[in-house]
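# Coordinate analysis (summary)
Each chain, written out:
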Amino acid sequence: MKTVLFSLSDAELQKFVMDLGEPRFRAAQIRDWLNCGAPDFAHMKNLPESLRTQLDAIAQTLPVKIVKKLQSADGETTKFLLELNDCEQIECVLMRTTYGNSVCVSSQAGCAMGCKFCASTLLGLKRNLTVDEIYSQILVAQWELRHGDVKIRANGDANNNDVSHIVVMGTGEPLQNTENVIGFLERANRDMNISWRRMTVSTCGIVPGIYDLIKWGRPINLAISLHAPTDALRSTIMPINNKYKITEVLAAADEFTKTHNRQLMIEYILLGKRDDNGETVLYNCTPEYAEQLSKLLAGKNAMVNLIPWNAVDERDFASPSGNAVHRFQDILIKNGIHTRIRRERGTDIGSACGQLRLNNKKD
Ligand code: SAH
């Protein structure tokens, strides 16, 4: 296996280049390139060509390699399928938005949570990602912002080349890999200067993990994937609900938001089912469920993100009509609940959780 230079300490990198008969300062030159996310050695123009060729034969830059890069037609979204050293694959997504350049990172290869609507979990959990593997995803995005073809930038500012926001909402359950997710966020804050308030961790509701985040103490944002207002309904689509009930999850989330004076994000996918006539009937987004959700969240400092379901072939759900989505939202608004409909990004490039990885395995 090739040596991953990004994962070497400074002393190890120096030894590595000196063993090749190179002067020590080459290590610092290489480190600068690694910290910018250089995908290969060919870009390292301040190294002699012979060294670049030699390095290419025995080493690689980052612990992730780009297998596929997909650009949405509007240029706002870039999705990467990345391969790890043990050939596992993960996804990350760069979104150029009006508020900043946001990267959605994966925290695990695969997922063990078994949510019935999600593609990420279909092949089960393979393993946790390391801090380096999670961090490399934002380096890949940063390199793309600086060197890629797309010139659309956050706020329309063509010089805005930095990753400004991180959402841990890709494949995997971050609070099953809490230590490495925290290590990653600490590093992004230290080395990329991304503020805590521009980081969001999304969980399906691992209660002890939420308390671990409270203990950690950084004022990041917390998102809870709720998707149902009653335990009976939630347990049909999210097996984790058999372990941690809605009231427990929301109590932990309340404590988190009070500690940091942050608004809680609630993720709510809108799911339909096909009936025998092939018509779509509402599953978790009937007017009655909207009323129940309103009661559950009344008085909380929360924002409900309504997410139209991204179709996954293997999953037995359907997307409800735009009208149904708006009706659901109107009821929440009438009841004084903050809510917005998540803009769908990159649906033309299979941006739903785990779709790209899954489709690649099927190819
Ligand atoms: N495990 C974490 C983070 C990864 S999932 C969590 O559950 O929050 C990120 C978000 O995408 C979750 O809200 C998840 O429920 C949602 N999601 C999964 N599959 C989806 C699909 N096909 N369409 C829309 N959202 C999906």
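Treat the numbers as computed from the prediction; the structure is a model and nothing was measured. (Residues numbered from 1 in each chain as written. Predicted model: local features only at pLDDT ≥ 70, side-chain atom pairs only at ≥ 80, totals over all residues. Heavy atoms only, no water.)

With that out of the way, let us pick up the nonpolar core. Core analysis: the biggest nonpolar cluster contains 100 residues, and Leu 5, Phe 117 and Leu 185 have the highest contact counts within it. In terms of residue count, helix α4 (residues 131-147) provides more of this core than any other element does, 8 residues in total. Three or more residues apiece are contributed to this core by two domains, here domain 1 (3-60) and domain 2 (64-349). Those residues in contact with Leu 185, other than ones at most four positions away along the chain, are Ile 166, Val 168, Trp 196, Met 199, Val 201, Trp 216 and Ile 220. In this structure, Met 95, Met 169, Ala 223 and Met 265 belong to the second largest nonpolar core, which totals 7 residues. (Core = buried A, V, L, I, M, F, W, Y, C linked by side-chain atoms within 4.5 Å. Buried < 20%, exposed > 50% of the residue type's maximum accessible area, 1.4 Å probe, protein only. Helix = DSSP H or I, 4+ residues; strand = E, 2+ residues; numbered from the N terminus. Domains from an automatic or database assignment. Contact = heavy atoms within 4.5 Å.)

By the assigned domains, the chain splits into domain 1 (3-60) and domain 2 (64-349). Look at where the C-alpha atoms of domain 1 and domain 2 centre, and you get two points 35 Å apart. Opposite the 12 residues of domain 1 that make contact, domain 2 presents 9 residues. Summed over both sides, the interface of domain 1 with domain 2 buries roughly 870 Å², with 61% coming from carbon and sulfur. The three residues of domain 1 that bury the most area against domain 2 are Phe 6, Cys 36 and Gln 60, which together make up 53% of that side's buried surface. (Buried area = accessible area lost by both parts, 1.4 Å probe.)

Most of strand β5 (residues 89-96) is tucked away: 8 of the 8 residues are buried. Of the two faces of β5, the one lined by Gln 89, Glu 91, Val 93 and Met 95 and the one lined by Ile 90, Cys 92, Leu 94 and Arg 96 are each fully buried. Note that strand β4 (residues 77-83) and β5 share 7 bridges and pair antiparallel. Note on β5: the bridge partner recorded for Leu 81 is Glu 91. Hairpin connection from β4 to β5: 5 residues lie between these consecutive antiparallel strands, with Cys 87 at a positive phi of about 75 degrees. In this sheet, strand β6 (residues 101-104) lies alongside β5 in antiparallel orientation, the contact comprising 4 bridges. Bridge pairing links Arg 96 to Asn 101 in β6. The loop that links β5 with its antiparallel partner β6 comprises 4 residues; one of these, Gly 100, has a positive phi angle of about 160 degrees. (Pairing = 2+ DSSP bridges.)

Neither face of β6 is open: one carries Asn 101 and Val 103, the other Ser 102 and Cys 104, and all of them are buried. Relative to strand β9 (residues 165-168), β6 is paired through 3 bridges, and the arrangement is parallel. Residue pairing for β9: Cys 104 is matched across the bridge by Val 167.

This next bit is on the site of the ligand. Around the ligand, the structure places 20 residues, and the nearest of them are Glu 173, Ser 202, Ser 225, His 227 and Asn 310. His 227 is positioned with one of its side-chain polar atoms (N or O) 2.7 Å from an oxygen atom of the ligand. When residues of the shell around the ligand are traced back to their parent elements, those giving at least two are β10 (199-203) and β12 (264-270). (Near = heavy atom within 4 Å. Polar contact = N/O pair within 3.5 Å; in protein donor to acceptor, adjacent residues only side chain to side chain.)

Spanning 15 residues, helix α5 (residues 178-192) covers 20 Å between terminal C-alpha atoms, matching the ideal 21 Å at 1.5 Å per step. If you check which residues of α5 are buried, you get Thr 178, Val 181, Ile 182, Phe 184, Leu 185, Arg 187, Ala 188 and Met 192. Contacts from the buried residues of α5 go to α4, β9, β10 and α6 (207-216). (Expected span 1.5 Å × (residues − 1).)

Before going further, it helps to spend a moment on the environment of Val 207. Relative to the assigned elements, Val 207 resides in helix α6. In sequence terms Val 207 and Gln 263 are 56 residues apart; their C-alpha atoms lie 18 Å from each other. Ignoring any residue separated from it by four or fewer positions in sequence, one finds Val 207 in contact with Tyr 244, Glu 248, Val 249 and Ala 252.

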